[in-house]
Each structure stands twice: as structure tokens, then as C-alpha cells.
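# Residue-level structure breakdown
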Amino acid sequence: MGVASSSTSRIAGHLLVEALIEQGVDTCFGVPGESYLAVLDGFHAYRDRIRFIACRQEGGAAFMAEAQGKLTGRPGVCFVTRGPGASNAAIGLHTAFQDSTPMILFIGQVAGDQRDREAFQEVDYRQMFGPGTLGMAKLVEEVTDADRLSEYVSRAFHTAMQGRPGPVVVVLPEDMLTTATSTTVLPRVEPALSSPSPSALARAAEMLSAARRPFVIVGGSGWTAESCLALEHFVERWHLPVGCAFRFQDIFDNRHPNYAGDVGIGINPALAERIGGADLILAIGPRLGEMTTGGYSLLAAPRPQQQLIHVHAGAEELGRVYAADLLIQSAMACAAPAFNALQAPAELPWTAETERARNAYSANLVPTRVEPLDMAEVVLTIQRLAPDDTVYANGAGNFSGWLHRFHSYRGLRHDGRTQLAPTSGAMGYGVPAAVAASLLEPHRTVVNLAGDGDFLMTGQELATATGYGARRLISIVVDNGIYGTIRMHQEREYPGRVSGSDLFNPDFVALAIAYGWKAERVDTTAEFEPAFARALANGTPTLLHLKLDPDVITSRTTLTAIREASNP
Ligand SMILES: Cc1ncc(C[n+]2csc(CCOP(=O)(O)OP(=O)(O)O)c2C)c(N)n1
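My aim in this report is to walk through the structure given alongside it, one point at a time. In every chain, residue numbers begin from 1 and rise along the written sequence. Predicted model: local features are reported for residues with pLDDT of at least 70 only, side-chain atom pairs are reported and counted for 80 or more only, and whole-chain, interface and lining totals are derived from all residues. Excluding hydrogens and water, the side-chain values take into account all heavy atoms of the structure.

## A few points about helix α6 (residues 149-161)
In an α-helix there are 3.6 residues to a turn, and that puts residues three or four apart on one side. Rules: Numbering of helices and strands runs from the N terminus; a helix is a DSSP stretch of H or I covering at least four residues, while a strand is a stretch of E covering at least two. Working rule for helices: expected span equals 1.5 Å times residues minus one. Here's how the labels work: a residue is buried when its accessible area is under 20% of the maximum for its type, exposed when over 50%, partly exposed in between, all with a 1.4 Å probe on protein chains only. By definition, residues are in contact when any of their heavy atoms lie within 4.5 Å.
An ideal rise of 1.5 Å per residue puts 18 Å on 13 residues; α6 measures up with 19 Å between its terminal C-alpha atoms. Among the residues making up α6, those that are buried are Leu 149, Ser 150, Tyr 152, Val 153, Ser 154, Ala 156, Phe 157, Ala 160 and Met 161. Residues of α6 that are buried sit in contact with α1 (12-22), β4 (76-80), β5 (103-109), β6 (139-142), β7 (167-173) and α7 (174-177). Backbone geometry just after α6 places Gly 163 at a positive phi near 60 degrees.

This is how it looks when you write it as C-alpha cells:
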């Protein structure tokens, strides 16, 4: 039901908030600005229906909205002010683009009578953010007529969710927002979803039936619990081995006997070999980007050795890199059920291979013990103690490799999305994503795994968590005193020549306590379990500061080994 009748006249700033409520939005993230006071006043007017979470930096706010889009499948909403605010928010927009996350960024803009003078903080957002297929936004629009604001909002929601989901920028000139309008809001948007054509499905079944060593890679956005269940049934019936694309590990239940591992950075070498040696790759949903293709080598670009069936929701994505053997344009909500309707042949030559793929995945879960702090054991302990529906959030850095390798995601069909991780590789994502998840779904436990570099890019959002009453939120900072990922690359390319990758760190425990969190330091594996149990039990945001030997650079090797291999 709408919140206003068409005869009501109110300023466009209020109409915008009414339109968001109509779309089912109950939480927006942002940093206020004088450019959109009329919208803030709308949030005040409708404060019993919708809340505006005031963040501490627009990068944090945009990451929170991106996480909201990932968690809910509908656009996360972020509000920022002109040039400086929009500049800070760019990282969240870029992440939403690369991760195919529905999101809308509203930007306050100079008044129309000041336009094009380079007025205070004026920026041309079409130049800044695109739109394009290789960048920051699917669509950038500036609303100059208050009577058409509803149309633009409706278009933003459609565009963010339809085809390949992604971010939309809507620019709001200050004078437009204060103009009275009696227009009404438009109805809640339900995205139009494309389905595979019967002939394409029949061709896919033929190709699968003729294969000897097929492999399925799933990923991308737009999945629902039902489509994930259909996917599970489809691969069971066809006995297919399944891998999850980089940072889409929660699409498929990692405990399922057909699950073979994640296809991303630090891939299990046995899995890489399997994908390289497959004769057919069925990619359902992933973008087949650099991280999922091992730098376009597991699948050679532009013409892979394997046969390729690529299923994706975005027409512009199909055939963009790979000259596939079969392209199927379909939303994920429709693709898996359609594949699940395909009849499998009685005999499938690869059944034993699927078992082997699973065994290789299980073998990869066995860690090499490390003293005094074993990150693999840390991840396995978190998994053992945390509730099943816990949301895991991380940013970018080598620390995330332990989570990606050792955590078994139970899958979207059981618990909704439980992995908030940037395929864009944006450092600083994890803290705000975790804060957003905790505020949006307060009944769930949220665990953020952060590097020391990663954490401090957005650590100020600890204040947002405290201020808005987050509870079951745990941030684990893995402090190795370096920008470890970069040091690793340095030691490989320029052994022994350290430059720009050392960090000075604050006392993270004192820092967290200053923000109103509880905090503990952990130096050994044995100390971790009781500290994490206390964090789970106390119902207060808690930071655990883990000291990690910088030589322990990944779950597979050390800095010393890398340096020695590069400098024999
Ligand atoms: C916003 C951003 N800036 C820079 C980088 C490049 N980068 C990738 S990983 C990394 C270091 C991460 O350091 P840390 O968080 O301490 O984790 P570690 O690698 O040491 O585990 C850097 C600087 C990036 N990915 N994102």
C-alpha cells in the first residue's frame, strides 16, 4: 500500500522517501550533506517506517548498502552528498558493479540554477561514474523535474535488479528536492526475469550427455533459496562435480558430496588441474572474470580448450570474453529450475570423477599445523562454535585465504547468503559489510575476518555499530604488521627489497574499547577458542586482536620460502 495519495502535495525529498518505503526499503545507509536536507527531512517524517543509518565515511556507507544488496537480493540504498561524498562512495559502487550487486546510490547535487559553473562541490556524475559495462554504474541519471522523480526511482530499481544486477546512480539537485509535487509513488518493482529457451536447454543436455569430464562452476548474483535447491537436485541427478566462483562460495552447500571447492584466488591445485582437464565447463551465473578463471588460464581466453556453456543473466556478459559453445541468457532464479528439468542419461561416465573431486576437496581441508597461532584452526573453531546461519564478512588480503579455504559455507538454500566478500578485491569491505549485516539481521551472528591493513581502511564504522546498537558482531583482526599480500608479491618479484609494505599499527584492543566494543588480544591457538566463546556469549560487539607471524603469509607457504624460491 502506498504511503501517500496522488492528491497530497509535498516536497520531492519526502516523495523520495515514500517511494523507497513503497519499494520495501526499511533501512538506508549514508553520510548526510546539506545538498539533500529535504530527503533527510523525509526520513524524519517517516521515521516509524524507515531508518537512515548515519555512517562515518561514505566508503563505509556504500559498502554497507552493497552488503544490503547482497543479503537481500534487492537494491541496497546509500545517500551521499556532492563531490567529496560521491568520491568517497566510489569504492562501494565499484564493488557493487564487479560483484553484480543491486544497489542505488543517491547523490545530492548543486541546485539547477548553479549547474555547470563548477559550483561548490559540483561534479558531473555521468562523466565520473559512466554509465558503462566496464566500470562503476549501470545507469547514471539526474532528476531535474520533481514530477518525474517517481519514474526515475522506479527505473533505478528495475535497472539495478534486471539482467546482470548492479549499481545505479541517481543524482538529486537540491532545488528539485524542495519543489512541491503531488505525483504519486510507483508500485514495488519485481524484476523481469529471463529464462533459458527450450532449444538452448536441449542443446545443453546433448552437450552434457556427450561429455566425459564435465565440471560445473556456479556464481554470480540473483540466486534464490529455491533456485539453489533446484541446482542441487540437477547436479545430483547428473552426478556433476560443482565448484563455486571466487567469493560466491555460499551458492552451493559446501558439505554436499558433489561440492569440489572454490574457484578463486589460492585455488586447491588439484581443483585447478581438474578444471584445466575438463572437457566441458557448465558455468551457471559467474562472470568468468580474472579471479574465477585463474587469470584467464584455467579457461584460456578467448577460446577455451574445454567446451563452454555459459549461462548468465546479462546479455552484455555473454560472449564478452569467451567465444563459448553455447550461450544461455537467463536469470539464476529461472536457470537452475530449467536445468533441473533435464533428463539425465542412465549411464554417466564421470560419476567416479565426482567422488574424486570431493575427496580432493576434503584433503584440502586438512591444514599444515602452524605455531603459535594456527589460522586454519581459528577458522575451524569459529565454524564449530558459531551458529549455522552466521554471516561471514571479509575484505581483501591474504588473511581471507584461510576463510575461503577452510570454512564450509552451508549454502544459500539453508541460511540465505552467509558470505559477504568483495569479488572486486576492495580492502575495507569487511567491517562495514559486517556492521550492515548485524544491523539488518540482528538475530544473526556476524563474524568479520580482517587484516590489519584491511581493518583500518574502514575501522571507523565500529562507531556506527555501537551507535545503532549492534549486538552479535565479532571482528577478528589478523595483525601481521604488513600489507602481507603486497609483501608476498614483492618477495616474489623483487626478493628482499621491501618497499611500502610495512605497517605501524595501533593497539587494536584499546582502539575497539574506545569505540564502546569489548576486545581481547589472542596470541596462540589455545587462547582463541575461549576468547571466541566469550565473544559469542557476551552479546556486545567484540574485537579479537590476533597476532600472526608475518612469515606465515598464506595457508600454503611462507614469505621465506617465496623469497628463497625467487632468489636461489
Ligand atoms: C582499497 C584497496 N587498496 C589497495 C589494495 C591492494 N591490496 C591488496 S591486498 C593488500 C594488503 C592487505 O593487507 P592486510 O589487510 O594487512 O592483509 P594481509 O595481506 O597482510 O593478510 C593491498 C594493499 C586493495 N586491494 N584495495
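That covers the picture; the talk isn't over yet.
## Quick look at helix α3 (residues 58-72)
Selection criterion: Pairs of N or O atoms within 3.5 Å make up the polar contacts considered here, provided that, within protein, one atom can donate a hydrogen while the other can accept it, and that residues adjacent in sequence are counted only when both atoms are side-chain atoms.
Taking 1.5 Å of rise per residue, 15 residues should cover 21 Å, and α3 covers 21 Å from first to last C-alpha, within 8% of that figure. Of all 15 residues in α3, 14 are buried, a share of seventy percent or more. Measuring from the backbone nitrogen of Gly 59 back to the side-chain oxygen at the start of α3 gives 2.5 Å, which picks out Gln 57 as the cap. Gly 73 lies just past α3 and shows a positive phi near 80 degrees.

## Section: the sheet that holds strand β18 (residues 473-479)
Rule in force here: Following DSSP output, two strands are said to pair if at least two bridges run between them. With axes taken as lines fitted to C-alpha atoms, and helix axes fitted only over the stretch in contact, angles between N-to-C directions fall between 0 and 180 degrees.
An order of β16-β15-β17-β18-β20-β19 is seen for the six strands of this open sheet, with the pairing classed as parallel. Strand pairing shows two members of the sheet lacking a second neighbour, β16 (419-420) and β19 (518-522), which therefore form its edges. Set on the sheet, helix α16 (residues 430-440) makes contact with β15 (391-394), β16, β17 (446-451) and β18; between it and β17 the angle comes to about 175 degrees.

## Quick look at the pattern of salt bridges
Between side chains of opposite charge, a pair can form as their charged atoms come close. Using the following cut-off: The term salt bridge refers to a pairing of a side-chain nitrogen on Lys or Arg with a carboxyl oxygen on Asp or Glu at a separation within 4 Å.
By the definition in use, this model includes 34 salt bridges. Of the charged contacts in the structure, one is a salt bridge between Glu 317 and Arg 164, with a shortest N-O distance of 3.4 Å. Taken together, the positions of Glu 317 in the loop between β13 (307-312) and β14 (326-329) and Arg 164 in the loop between α6 and β7 put the pair 153 residues apart, joining distant regions of the chain. In this structure, Glu 317 and Arg 164 share a single accessibility class: buried. Among the salt bridges present, the one from Glu 491 reaches Arg 563, with a minimum N-O distance of 3.0 Å. On the criterion of sequence distance, the pair formed by Glu 491 in helix α19 (residues 484-493) and Arg 563 in helix α22 (residues 559-566) is long-range, its members being 72 residues apart.

## A closer look at the site of the ligand
For clarity, the cut-off: The nearness test applies per residue and asks whether one of its heavy atoms lies within 4 Å of the molecule or strand. Per-residue accessibility takes into account occlusion by the displayed protein chains alone, with areas from the Shrake-Rupley method and a 1.4 Å probe. Note on residue categories: nonpolar means Ala, Val, Leu, Ile, Met, Phe, Trp, Tyr, Cys or Pro, charged means Asp, Glu, Lys or Arg, and polar means any other residue, Gly included.
As a structural note, the neighbourhood of the ligand is formed by 18 residues, with Gly 425, Asp 452, Asp 454, Gly 484 and Thr 485 the closest of them. For the ligand, whose accessible area on its own is 580 Å², the fraction buried by protein is 78%. When residues of the shell around the ligand are traced back to their parent elements, those giving at least two are α17 (452-458) and α19. Per-element tally for the shell around the ligand: the top contributor is α17, with four residues. A breakdown of the residues in the shell around the ligand according to their chemical character gives eight nonpolar, eight polar and two charged.

## Focus on the side chain of Ser 501
You can see Ser 501 is positioned in the loop between α19 and α20 (508-514). A polar contact of 2.8 Å, which involves the side chain of Ser 501, links it to the side chain of Gln 490. Those residues in contact with Ser 501, other than ones at most four positions away along the chain, are Ile 482, Tyr 483, Arg 487 and Gln 490.

## What to know about the pairing of strand β3 (residues 51-54)
Alignment of strand β2 (residues 27-30) against β3, held across four bridges, turns out to be parallel. Considered in β3, the bridge of Thr 27 is made with Arg 51.

## Observations concerning the packing of aromatic side chains
The test is simple: Two aromatic rings from Phe, Tyr or Trp, using only the six-membered ring of Trp, form a pair when their centres are within 6.5 Å; if the ring planes differ by under 30 degrees the pair is stacked, by over 60 it is edge-to-face, and anything between is tilted.
Using the criterion set out here, one finds 14 aromatic pairs in the structure. Their ring planes at 55 degrees and their centres at 6.3 Å tell us that Phe 234 and Trp 238 sit as a pair that is tilted. Comparing Phe 234 with Trp 238 shows no difference in burial state: the two are buried. Ring geometry for Tyr 296 versus Tyr 322: centroids 6.5 Å apart, planes at 45 degrees, classification tilted. A residue pair is termed long-range when its members are at least 10 positions apart, and Tyr 296 in the loop between β12 (280-284) and β13 and Tyr 322 in the loop between β13 and β14 qualify at 26 residues. On the basis of relative accessible area, Tyr 296 is assigned to the partly exposed category, the value being 33%. Grouped by ring-pair contacts, the aromatic residues Tyr 36, Phe 43, Phe 52, Phe 79 and Phe 106 constitute a single cluster.

## Focus: the environment of Leu 385
Note that Leu 385 resides in helix α13 (residues 375-385). The partly exposed category is assigned to Leu 385, whose relative accessible area is 28%. Counting along the chain gives 144 residues from Leu 385 to Glu 529, while the straight-line C-alpha distance between them is 8.5 Å. In this structure Leu 385 touches Glu 529, Phe 532, Ala 533 and Leu 536, once residues within four positions along its chain are discounted.

## Re the sheet that holds strand β9 (residues 214-218)
In space, the six strands of this open sheet follow the order β11-β10-β9-β12-β13-β14, with parallel pairing throughout. Pairing within the sheet leaves two strands with one partner each, and these edge strands are β11 (259-263) and β14. Geometrically, the sheet is characterised by an average inter-axis angle of 20 degrees between neighbouring strands, direction not taken into account. Relative to β12, β9 runs parallel, the two being bridged by five bridges. Bridge pairing links Phe 215 to Ile 281 in β12. Running over the sheet, helix α8 (residues 198-210) touches β9, β12, β13 and β14 and is turned about 140 degrees from β14.

## Considerations on the nonpolar core
Here is the rule: Within this scheme, the nonpolar core is defined by two criteria: the residues are buried Ala, Val, Leu, Ile, Met, Phe, Trp, Tyr or Cys, and they are joined through side-chain atoms within 4.5 Å.
With 60 residues, the main nonpolar core has Val 218, Trp 223, Trp 238 and Ile 284 as its most contacted residues. When residues of this core are assigned to their parent elements, the largest contribution, six residues, is made by α8. The contacts of Trp 223, once residues within four sequence positions are left out, are Val 218, Cys 228, Leu 231, Ile 251, Ile 284, Met 332, Ala 336 and Leu 412. Formed by 54 residues, the second largest nonpolar core is a distinct cluster that contains Leu 105, Ile 107, Ala 519 and Leu 543.

## Overview of the environment of Thr 181
Here Thr 181 shows up in strand β8 (residues 180-181). Judged by relative accessible area, Thr 181 falls into the buried class, the value being 1%. Once the C-alpha coordinates of Thr 181 and Ser 9 are considered, the two residues, 172 residues apart in sequence, prove to be 5.3 Å apart. Discounting chain neighbours no more than four positions away, the residues touching Thr 181 are Thr 8, Ser 9, Arg 10, Ala 12, Leu 15, Ala 146 and Asp 147. Of the polar contacts made by the side chain of Thr 181, one reaches the side chain of Asp 147; its length is 2.7 Å.

## Describing a nonpolar patch on the surface
What counts, and what does not: Excluding any residue in a salt bridge, patches collect residues exceeding 30% relative accessible area, merging like charges within 9 Å and nonpolar Val, Leu, Ile, Met, Phe, Trp and Tyr side chains within 5 Å.
Side chains of Met 457, Tyr 483 and Ile 486 sit close together on the surface and give an oily, nonpolar patch of about 270 Å² of accessible area. The topology assignment puts Ile 486 in helix α19. In this structure Ile 486 comes out as partly exposed when scored by relative accessible area, which is 45%.

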